[in-house]
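Breakdown of the fold
The lines below spell out each chain.
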Amino acid sequence: MWPARVGGRPAPPNGAYLPFAAGVHGCPGGDFALAELTLLTAAVARRWHLDPAPGSRPRPVAAATLGPSPVTMTVTRRPGPGPGGAFPGPGS
């Protein structure tokens, strides 16, 4: 029995979402993948502002795992801190 409720529905049990499996059959690169995703997200968010395009909403897509449908985004460059600041960096 699920003890909590979310939005009027029973909440899933702890550990119900396991994108890299768990236990002895878990993905050996799962921890690395999550760390890499965190760093990549921080690097992109530092230089770019991402907003969903008008009318674009993610929708659940059921496959081997449940994930979102593609979302069209508008991308604008964030202003840099100026001369001597952290960016624009190499290749800019």
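Residues numbered from 1 in each chain as written. Predicted model: local features only at pLDDT ≥ 70, side-chain atom pairs only at ≥ 80, totals over all residues. Heavy atoms only, no water.

A look at the overall build of the protein chain
Along the protein chain, the regular secondary structure elements total one helix and six strands. Each helix and strand of the protein chain, placed in order from N terminus to C terminus, yields the pattern β-β-α-β-β-β-β. Burial analysis of the protein chain (92 residues in total) assigns 9% to the buried set. Considering only residue pairs separated by 6 or more positions, the protein chain has 32% of its internal contacts joining residues 24 or more positions apart. By element, 65% of the accessible surface of the protein chain is carried by carbon and sulfur atoms, the whole surface being about 7800 Å². (Helix = DSSP H or I, 4+ residues; strand = E, 2+ residues; numbered from the N terminus. Buried < 20%, exposed > 50% of the residue type's maximum accessible area, 1.4 Å probe, protein only. Contact = heavy atoms within 4.5 Å. Areas by Shrake-Rupley, 256 points an atom, 1.4 Å probe, with all protein chains shown as cover.)

Let's talk about a nonpolar patch on the surface
A cluster of nonpolar side chains, Leu 40, Val 44, Trp 48, Leu 50, Met 73 and Val 75, forms an exposed patch at the surface whose accessible area comes to about 500 Å². Those elements that provide at least two residues to the nonpolar patch are helix H1 (30–47), strand S3 (48–52) and strand S6 (73–77). Of note, Val 44 is situated in helix H1. Val 44 sits in the partly exposed class, given a relative accessible area of 32%. (Patch = residues over 30% accessible without salt bridge, like charges linked within 9 Å, V, L, I, M, F, W, Y side chains within 5 Å. Salt bridge = Lys/Arg side-chain N within 4 Å of Asp/Glu carboxyl O.)

Topic: the packing of aromatic side chains
Summed over all chains, the structure comprises zero aromatic pairs. Taking the ring centre of Trp 48 as reference, the NZ or CZ of Arg 77 above it sits at 5.3 Å. (Phe/Tyr/Trp six-rings, centres within 6.5 Å; stacked < 30°, edge-to-face > 60°. Lys NZ or Arg CZ within 6 Å of the ring centre and 35° of its normal.)

Notes on the side chain of Ser 69
Looking at where Ser 69 falls in the secondary structure, it is placed in the loop between strand S5 (66–68) and S6. Apart from the residues within four sequence positions on either side, Ser 69 is in contact with Arg 57, Pro 58, Arg 59 and Val 61.

Re the environment of Arg 59
The residue Arg 59 is located in the loop between S3 and strand S4 (60–62) in this model. The residues touching Arg 59, leaving out its near neighbours within four places in the chain, are Gly 67, Pro 68 and Ser 69.

Quick look at the environment of Phe 20
For Phe 20, the location among the structural elements is in the loop between strand S2 (9–10) and H1. Note on Phe 20: relative accessible area 29%, which makes it partly exposed. Between the C-alpha atom of Phe 20 and that of Leu 34, which follows or precedes it by 14 residues, the distance is 9.7 Å. Residue contacts for Phe 20: discarding those within four places in its chain leaves Gly 26, Cys 27, Gly 30, Ala 33 and Leu 34.

Things to note about the environment of Pro 54
In this fold, Pro 54 is placed in the loop between S3 and S4. Through-space distance from the C-alpha of Pro 54 to that of Thr 72 is 8.7 Å; in sequence the pair is 18 residues apart.

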